[in-house]
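Residue strings, one per chain:
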Amino acid sequence: MHYIWLVAAPLMWSFVGILVKAASTMVGSSVITFSRFFFGTIFLGLLIFARKRKIHLSWRNQWIWIGVAGKSLNYLAENIGIRMGPVSGNMVVMPLQAVFMAILSVYVYKEKMTFLKILAIFLCLSGSIIIGLKGQSLDIFLQYGIVPLLLFTLAALGAGFHVLSQKRLIETMDSANMNFSVFFLATIAMALPLPFTPRITGTVSLKAIVALVVLGLITGISFLIYAKALKKVSLLVASLVGNSAVLFILLWSWLFFDEVVTLQTLFGALMMVLGLILINLPLPKGVIKAENA
């Protein structure tokens, strides 16, 4: 069941770029970031209430605040980067986050970095980049200047710290109240700059309003189920499977936007799928011993 949750979360994340681009036609990045937390908190609160459970707001745990800081940086930097660059620009956040999480898995959780794990990481990251490029050169990341790329790098670091905080917190807290606490406090933090930043920056439209609400729904529900999966899988596996959002982005581009799927893109998808299989494939004990020797 935890693998279903692990795949369902990136399925939701695959719509983020399109929704942020739609919302940015009406409001600024600070409002989008605030709305993602605000509506996410509302959806989580309603879910807890529907389950007839009490809402427990935790704020004294340091990992709660690490999660607040990390996710706030992630969303704010990502939203600004998407506004400044292409709608698919945030696809570089996932590979960068995977690299960061691989480093954390070794130094924080002492996971052994075997040859097969390194190969799986290489296949997943290379595949996601090939898919994101869509047959174009690496220069596409610099067409909008270096600032969006730097923002996406900051977003990846923030996302990494947030996932690490979830991994630590899920050991002692339930997923719903943990995420409610993080997103509630992040809502307050992101409300502070609102009076000093542009809010309504374009034409008010139903499409943009719906995009803001759906972004909040994705924020609340996706991390609720993602945290449940984190309780059962390693940090590295969760990070690489999270990269599968790139595969869903490719599928939506083909189904709804009539984008041509090239052989290069299919090759990238194959590399990524092989990497995901490899990182999750149980190996014979003899092979494991040989690699760890």
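Structure: see above.
Sequence order sets the numbering: in each chain, residues are counted from 1 along the sequence as written. Since the coordinates come from a predicted model, pLDDT governs what is reported: local features require at least 70, and pairs of side-chain atoms require 80 or more to be given and counted, while whole-chain, interface and lining totals use all residues. Side-chain figures throughout are based on the complete set of non-hydrogen atoms in the structure, without hydrogens or water.

Focus on a nonpolar patch on the surface
Turning to step 1, where the next piece is worked out: Here, patches come from residues exposed beyond 30% relative accessible area and free of salt bridges, joined within 9 Å for like charges and within 5 Å for nonpolar side chains (Val, Leu, Ile, Met, Phe, Trp, Tyr). The method behind every accessible area is Shrake-Rupley, applied with a 1.4 Å probe, and residues are considered shielded solely by the protein chains displayed. Criterion for a salt bridge: a side-chain nitrogen of Lys or Arg within 4 Å of a carboxyl oxygen of Asp or Glu. On the surface, Leu-57, Trp-59, Trp-65, Phe-184 and Ile-188 cluster together into a nonpolar patch covering about 480 Å² of accessible area.
Turning to step 2, where the next piece is worked out: Assignment of secondary structure puts Trp-65 in helix H4 (residues 62-84). Only DSSP runs of H or I with at least four residues qualify as helices, and only runs of E with at least two residues qualify as strands; both kinds are numbered from the N terminus onward.

Regarding helix H12 (residues 263-280)
Turning to step 1, where the next piece is worked out: How far a helix is expected to stretch is found by multiplying one less than its residue total by 1.5 Å. Compared with the 26 Å implied by 1.5 Å per residue over 18 residues, the 26 Å span of H12 between its first and last C-alpha is a close match.
Turning to step 2, where the next piece is worked out: Among the residues of H12, those classed as buried are Thr-265, Gly-268, Ala-269, Met-271, Met-272, Gly-275, Leu-276 and Ile-279. Mapping the buried residues of H12 onto a view down its axis gives an arc of 160°, with all of them on the same face. In this scheme, a residue with accessible area under 20% of its type's maximum is buried, one over 50% is exposed, and one in between is partly exposed, where area comes from a 1.4 Å probe on protein chains only. The directions considered for the arc are those from the helix axis to the C-beta atoms.

Digging into the packing of aromatic side chains
Turning to step 1, where the next piece is worked out: Stacked, tilted and edge-to-face are the three classes applied to pairs of Phe, Tyr and Trp rings, where Trp contributes its six-membered ring and a pair requires centres within 6.5 Å; stacked means planes under 30 degrees apart, edge-to-face means over 60, and tilted covers the rest. Here the structure, examined in full by the defined rule, presents twelve aromatic pairs.
Turning to step 2, where the next piece is worked out: Relative to Tyr-75, the ring of Phe-37 has its centre 5.1 Å away and its plane inclined at 35°; by these criteria the two rings are tilted. Taken together, the positions of Phe-37 in helix H3 (residues 29-50) and Tyr-75 in helix H4 put the pair 38 residues apart, joining distant regions of the chain. Just as Phe-37 is buried, Tyr-75 falls in that class too.
Turning to step 3, where the next piece is worked out: Here the aromatic rings of Phe-248 and Trp-252 are separated by 6.3 Å at their centres, their planes lie at 20°, and the arrangement is stacked. Highlighted residues: Phe-248 and Trp-252, both in helix H11 (residues 245-256), separated by four residues, approximately one helical turn. Judged on exposure class, the residue Phe-248 and its partner Trp-252 are both buried.
Turning to step 4, where the next piece is worked out: An aromatic cluster of at least three residues, connected via ring pairs, comprises Trp-13, Phe-37, Tyr-75, Phe-183, Phe-223 and Tyr-226.
Turning to step 5, where the next piece is worked out: Counting as a charge over the ring demands two things of the Lys NZ or Arg CZ atom: a distance within 6 Å of the ring centre and an angle within 35 degrees of the ring normal. Across from the ring centre of Tyr-75, 3.6 Å away, lies the NZ or CZ of Arg-36, which sits over that ring.
Turning to step 6, where the next piece is worked out: Its guanidinium or amino end placed over the ring of Trp-5, Lys-228 lies 5.8 Å from that ring's centre, counting from NZ or CZ.

Quick notes on the side chain of Gln-97
Turning to step 1, where the next piece is worked out: Along the chain, the position of Gln-97 falls in helix H5 (residues 93-107).
Turning to step 2, where the next piece is worked out: The buried category is assigned to Gln-97, whose relative accessible area is 14%.
Turning to step 3, where the next piece is worked out: When sequence neighbours within four positions are dropped, the list of residues in contact with Gln-97 reads Ala-156, Ala-159, Gly-160, Val-163 and Ser-239. When checking whether two residues touch, look at their non-hydrogen atoms; a contact exists if any pair is within 4.5 Å.

Notes on the pattern of salt bridges
Turning to step 1, where the next piece is worked out: Taken as a whole and assessed by the stated rule, the structure comprises one salt bridge.
Turning to step 2, where the next piece is worked out: Residue Arg-36 pairs with Glu-78 through a salt bridge whose shortest N-O separation is 3.4 Å. A residue pair is termed long-range when its members are at least 10 positions apart, and Arg-36 in helix H3 and Glu-78 in helix H4 qualify at 42 residues.
Turning to step 3, where the next piece is worked out: For Glu-78, a relative accessible area of 8% corresponds to the buried category.

Some points on H3
Turning to step 1, where the next piece is worked out: Given a rise of 1.5 Å per residue, 22 residues ought to cover 32 Å, and the 32 Å separating the end C-alpha atoms of H3 matches this to within 8%.
Turning to step 2, where the next piece is worked out: Looking at the residues trailing H3, positive phi occurs at Lys-52, about 60°.

Comments concerning the packing of H3 against helix H8 (residues 175-191)
Turning to step 1, where the next piece is worked out: Convention adopted: a line fitted to C-alpha atoms gives each axis, helices being fitted over their contacting stretch, and angles between N-to-C directions are expressed from 0 to 180 degrees. Relative to each other, H3 and H8 sit at 150°, their axes nearing to 8 Å. When you trace H3 past H8, the crossing you get is left-handed. Note on element contacts: H8 touches H3 through Ala-176, Asn-177, Asn-179, Phe-180, Phe-183, Phe-184, Ala-186, Thr-187, Met-190 and Ala-191, opposite Thr-33, Phe-34, Phe-37, Phe-38, Thr-41, Leu-44, Gly-45 and Ile-48.
Turning to step 2, where the next piece is worked out: Note that Gly is not counted as nonpolar here; it falls among the polar residues with everything else outside the nonpolar set of Ala, Val, Leu, Ile, Met, Phe, Trp, Tyr, Cys and Pro and the charged set of Asp, Glu, Lys and Arg. When its residues are assigned to classes, the contact of H3 with H8 shows twelve nonpolar, six polar and no charged. Note: crossing handedness is left-handed where the near helix turns anticlockwise from the far helix by less than a right angle, and right-handed where it turns clockwise.

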